[in-house]
Amino acid sequence: MDQISEIKRRRTFAIVSHPDAGKTTLTEKLLLFGGAIHEAGAVKSNKIKKTTVSDFMEIEKQRGISVATSVMGFEYKGYKVNILDTPGHQDFAEDTYRTLSAVDSVIIVVDSAKGVETQTEKLSNVCRMRNAPSIFFLNKMDREGLDPYSLLDEIEQKLKISLCPMTWPIGMGKTFKGVYNLYNESLNLFSGQEKQLIEDSIKIESIFSKELEKYIGEEAANKLREDIEVVRGVYPKLIREEYLEGLVAPVFFGSALNNFGVNELLNSFLEQAPSPLPSQTNERIVNPEEQKFSGFVFKIHANLHPLHRARIAFVKVCSGVFERNKPYMHVRQGKWFKFSNPTSFMAAKQSIIEEAFPGDIIGLHDTGNFKIGDSLTEGEILNFKGIPSFSPELFRYVENSDPFKSKQLAKGLEQLTDEGVAQLFTHKTSNRKIIGTVGALQFDVIQFRLLNEYSASCRYDSIQLHKACWFVSDNRAQLEDFKKRKTQYLAEDKYGRDVFLADSAFSLKMAQDNFPDIQFYFKSEF
Ligand code: G4P
């Protein structure tokens, strides 16, 4: 198959949700359809419910699983589907944001009893920032939940997106009878059996035909007719271009646990969702159809084995064809590398591949050359956009507690922060190292991994900080004045860029007011 056809048949996406909405269950059902797994329970949830050290031990156990499930690729009806896994725990939200830089669209799962939750809102904001086409799966219809109108209203208002229902639920909870497909005017009846694999949809002539009563009873039939009339009046028909621009999101109702509505979701997703899209770089827009290979690292996974330092860099292929053993340029280092064992992740198994196409994710073995955001090309200087670090919210001083292991500590901190586990700053006046994270669990992760992988031990000292933000200005005088007055609150990031450590929301606001020519940034890409 040629490059264009390979691109057209690829669907690379992520499933995101607030913890417990049903992301793992839905992923598993999609994999069952794709034949990538053969029984339920094969995909382990990678969520950690509480924030304690013992839970962190759980993460360690699960790291092996999460490499395998980082990318789940399978073939289905002629499509090559790549599902990118995102961490369930909110302390790893930044990992999720970066993974979203490598997908072309998302499926957002919402628990229909709980509606929009905090993580749904945060993740959907990131999707909106990227204009990522989104499809909603309103899950757990077998439970009593919000009525569908309120649910859709809440999503539209809180997530600032227009919705377009593709199916409509008939009842809910104990009275849930199934869904009506608004587009092909068919009924899917709910049997409540978890094993139900293929849903038989029943084509009905029209919503007004008498056969509707036969299937769902008179009361439900009348209610459905009323609902459909309202829904058709309120929600416009789906225009694919609007979906592709991230303006409108199709909505499906179902129950992942009961495998209900999943087939419909998958089929419609494959038809509607975009094949690999062009990627933005600082230099130009890169089109997947281009002849020459380019790609970027969006995730680095340390090897489980504490004795070797090997890591896997996950690279999204953005253009051209990646080939095994062909030399590619590591743009940041200006060096050329060949990869003899690039892996693909098909059916959650890793295997060595000869070539990969745009939309594919490949795993490259790395001994410390890659950082998140690095690009590989056939010689062109390209720096892909959209892989920012976010301004951290939690901070601690990190101190060496074993004077004989200071080199190991420095190396460990350098590499773990390359992986995106946390951000490292150096306080300007004291030269002390500060670790900044978006979640408290990361501090345990770092301490544990420093000891296990680098034999370095550290302790933390508290530091009272509200936010760290990057700043720049063309007004040199103002910049110098700011730096002089705020000496105590200045740090450098790993790349030597200036960072302001604001100890309170008030001092940040004062800095912004008093130094109007200075731009403060809350993500590292500006
Ligand atoms: P997550 O990855 O988004 O965190 O959610 P996950 O799939 O793990 O689902 C969270 C809980 O919700 C699980 O129950 C799961 O069985 C349940 N669930 C998922 N989809 C549905 C659905 O359509 N209907 C109903 N009623 N429940 C659903 P759990 O008790 O926390 O875990 P488990 O012991 O069942 O694994």
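For clarity, every value in this text was computed on a predicted model and none was experimentally measured.

*Asks:* Honestly, the site of the ligand in this entry has me stumped. Any pointers?
*Replies:* The ligand sits among 18 residues. The nearest are Asp20, Lys23, Thr24, Thr25 and Ser255. Thr25 has a polar side-chain atom sitting 2.5 Å from an oxygen atom of the ligand. With respect to the ligand, the side chain of Asp142 contributes an N or O atom lying 2.8 Å from a nitrogen atom. Alone, the ligand offers 700 Å² of accessible surface; in the complex the protein occludes 69% of this. The biggest single contributor to the shell around the ligand is helix α2 (residues 23–33), with 3 residues. Of the residues in the shell around the ligand, the class split is 4 nonpolar, 7 polar and 7 charged.

*Asks:* It is not clear to me how the nonpolar core should be interpreted in this structure. Could you clarify?
*Replies:* Burial of nonpolar side chains together is a common tendency in soluble globular proteins. Membership of the largest hydrophobic core comes to 79 residues, with the highest contact counts inside it found for Phe136, Leu138, Leu224 and Phe322. No other element matches strand β15 (residues 311–319), which puts 6 residues into this core. A domain-level breakdown of this core finds at least three residues from each of domain 1 (3–69 + 82–90 + 105–272) and domain 2 (279–377). Ala21, Ile83, Ile135 and Leu266 belong to the second largest nonpolar core, which has 29 residues in total.

*Asks:* I keep staring at the pairing of strand β1 (residues 10–17) and nothing clicks. Help me out?
*Replies:* Along a regular strand, successive side chains alternate from one face of the sheet to the other. Among the 8 residues of β1, 8 are classified as buried, and the element is accordingly described as predominantly covered. The alternating pattern of β1 places Arg10, Thr12, Ala14 and Val16 and Arg11, Phe13, Ile15 and Ser17 on opposite faces, both of which are buried. Pairing geometry for β1 and strand β3 (residues 79–84), over 5 bridges, is parallel. Within β3, the residue paired with Phe13 across the bridge is Ile83. Pairing of β1 with strand β4 (residues 105–111) involves 5 bridges; the strand directions are parallel. Considered in β4, the bridge of Ile15 is made with Ile107.

*Asks:* What am I meant to see in the pattern of salt bridges here?
*Replies:* Oppositely charged side chains are able to pair whenever their charged atoms sit close together. What the rule picks out here adds up to 33 salt bridges. Residue Glu154 pairs with Lys158 through a salt bridge whose shortest N-O separation is 3.7 Å. Of this pair, Glu154 and Lys158 both sit in helix α6 (residues 148–159), 4 residues apart, which is roughly one turn of that helix. Residue class for Lys158 comes out partly exposed when judged on its relative accessible area of 36%.

*Asks:* Explanation requested: the sheet that holds strand β31 (residues 519–521) in the structure shown.
*Replies:* A sheet is described by the order of its strands in space; here 8 strands give the open sequence β27-β24-β26-β25-β29-β30-β28-β31, paired in antiparallel fashion. Here the strands that pair on one side only, and so sit at the sheet edges, are β27 (458–462) and β31. Ignoring which end each strand starts from, the neighbouring axes of this sheet average 40° apart. Of the strand pairs in this sheet, strand β28 (residues 467–472) and β31 are connected by 3 bridges, and their pairing is antiparallel.

*Asks:* Explain the environment of Leu508 to me, please; I cannot follow it from the model alone.
*Replies:* As for its placement among the helices and strands, Leu508 is situated in helix α14 (residues 505–514). For the pair Leu508 and Phe520, spaced 12 residues apart in the sequence, the C-alpha separation amounts to 9.2 Å. Not counting residues up to four positions away in its chain, the partners in contact with Leu508 are His466, Cys469, Phe500, Ala502 and Phe522.

*Asks:* Would you take a moment to explain the packing of aromatic side chains for this structure?
*Replies:* What describes a pair of aromatic rings is the distance from one ring centre to the other and the angle between the planes of the rings. Taken as a whole, this structure holds 21 aromatic pairs when the rule is applied. Note on Phe322 and Phe339: the rings are 6.4 Å apart at their centroids and 40° apart in plane angle, and the pair reads as tilted. With Phe322 in strand β16 (residues 322–323) and Phe339 in the loop between β18 (335–337) and β19 (343–346), this residue pair connects regions lying 17 residues apart in the sequence. Of the two residues examined, Phe322 and Phe339, each falls in the buried class. Among the aromatic residues, those joined into a cluster by ring pairs are Phe293, Phe322, Tyr328, Phe337, Phe339 and Phe370. One Lys or Arg, Lys299, reaches over the ring of Phe314 and ends 5.7 Å from the middle of that ring.

*Asks:* Would you explain the packing of helix α11 (residues 406–418) against helix α12 (residues 441–454) in this entry?
*Replies:* Describing two packed helices takes the angle between their axes plus the distance from one axis to the other. Here α11 crosses α12 at 120°, and the two axes come no closer than 10 Å. Classed by the angle they form, the pair α11 and α12 counts as oblique. When you trace α11 past α12, the crossing you get is right-handed. Facing α11, whose interface residues are Gln408, Leu409, Lys411, Gly412, Leu413, Gln415 and Leu416, α12 presents Ile446, Arg449, Leu450 and Tyr454. Counted by class, the contact of α11 with α12 contains 6 nonpolar, 3 polar and 2 charged residues.

*Asks:* Explain unusual backbone geometry here, please?
*Replies:* Phi is mostly negative for residues that are not glycine, and the peptide bonds are mostly trans. Phi is positive for Lys77, which is not a glycine, with a value near 50°. In this structure, Asn131 is a non-glycine residue whose phi angle is positive, near 55°. Checked against the element boundaries, Asn131 lands in the loop between α5 (118–129) and β5 (134–139).

*Asks:* Is there a simple way to explain the side chain of Ser105 in this structure?
*Replies:* Its location among the elements puts Ser105 in strand β4. If near-sequence neighbours (up to four positions away) are discounted, Ser105 is found in contact with Thr12, Phe13, Ala14, Pro133, Tyr243, Phe269, Ala273 and Pro274.

Criteria and thresholds
Residues numbered from 1 in each chain as written. Predicted model: local features only at pLDDT ≥ 70, side-chain atom pairs only at ≥ 80, totals over all residues. Heavy atoms only, no water. Near = heavy atom within 4 Å. Polar contact = N/O pair within 3.5 Å; in protein donor to acceptor, adjacent residues only side chain to side chain. Areas by Shrake-Rupley, 256 points an atom, 1.4 Å probe, with all protein chains shown as cover. Helix = DSSP H or I, 4+ residues; strand = E, 2+ residues; numbered from the N terminus. Nonpolar A, V, L, I, M, F, W, Y, C, P; charged D, E, K, R; others polar. Core = buried A, V, L, I, M, F, W, Y, C linked by side-chain atoms within 4.5 Å. Buried < 20%, exposed > 50% of the residue type's maximum accessible area, 1.4 Å probe, protein only. Domains from an automatic or database assignment. Pairing = 2+ DSSP bridges. Salt bridge = Lys/Arg side-chain N within 4 Å of Asp/Glu carboxyl O. Axes fitted to C-alpha atoms, helices over the stretch in contact; angles between N-to-C directions. Contact = heavy atoms within 4.5 Å. Phe/Tyr/Trp six-rings, centres within 6.5 Å; stacked < 30°, edge-to-face > 60°. Lys NZ or Arg CZ within 6 Å of the ring centre and 35° of its normal. Parallel < 35°, antiparallel > 145°, perpendicular 65-115°, else oblique. Left-handed = near helix turned anticlockwise from the far one by under 90°.

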